[in-house]
Amino acid sequence: QVQLVESGGGLVQAGGSLRLSCSASGGTFTDYIMGWFRQAPGKEREFVAVVSWGGGSTYYPEFVRGRFTISRDNAENSVYLQMNNLKPEDTAVYYCYADTDPSALRGRVSSNVSWGQGTQVTVSS
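Residues numbered from 1 in each chain as written. Predicted model: local features only at pLDDT ≥ 70, side-chain atom pairs only at ≥ 80, totals over all residues. Heavy atoms only, no water.

**Things to note about the pairing of strand β5 (residues 46-51)**
In step 1: Most of β5 is tucked away: five of the six residues are buried.
In step 2: Where strand β4 (residues 33-39) meets β5, five bridges bridge the pair, whose relative direction is antiparallel. Paired with R38 across the two strands is E46, which belongs to β5.
In step 3: As consecutive antiparallel partners, β4 and β5 are separated by six residues, and within that stretch G42 has a phi angle of approximately 75°, a positive value.
In step 4: Pairing between β5 and strand β6 (residues 58-59): two bridges, direction antiparallel. Pairing of V50 across the sheet is with Y59, part of β6.
In step 5: The loop that links β5 with its antiparallel partner β6 comprises six residues; one of these, G55, has a positive phi angle of about 90°. (Buried < 20%, exposed > 50% of the residue type's maximum accessible area, 1.4 Å probe, protein only. Helix = DSSP H or I, 4+ residues; strand = E, 2+ residues; numbered from the N terminus. Pairing = 2+ DSSP bridges.)

Written out as structure tokens, the structure reads:
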């Protein structure tokens, strides 16, 4: 089972940017589709972004499209989430995930998913 560690969260003003990182270990990184979910207080966890095994395909929900960019560096066993033009409603704990099921490319997770511990992003107005 792959282990995931996120970093890069913090406090930022509305309109600002943050870059989240997720480092993977304990597995073959290129076996995994990688992505991000987030969870705000009192809300369900929601899909944010996903990138395919080689990085050539990405998918985002409408509410982050054009503001967030996911990328991966297979040589570094890492995945990144560049978040621009942040809004207060982006405030949440952001979780990195790794999945082997191709359905993950459309924002779904399977029973094979592995999660990181999460990193807090707070956007002030």
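Next comes the rest of the description.
**Some remarks on the side chain of R72**
In step 1: The residue R72 is located in strand β7 (residues 68-73) in this model.
In step 2: Buried within the structure, R72 lacks any salt-bridge partner; its nearest side chain of opposite charge belongs to D73, at an N-O separation of 8.3 Å.
In step 3: Reaching out from R72, the side chain makes a polar contact with the backbone oxygen of Y32 at a distance of 2.9 Å.
In step 4: In terms of polar contacts, R72 uses its side chain to reach the backbone carbonyl oxygen of S52, at 2.8 Å. (Lys, Arg positive; Asp, Glu negative; His and termini not counted. Salt bridge = Lys/Arg side-chain N within 4 Å of Asp/Glu carboxyl O. Polar contact = N/O pair within 3.5 Å; in protein donor to acceptor, adjacent residues only side chain to side chain.)

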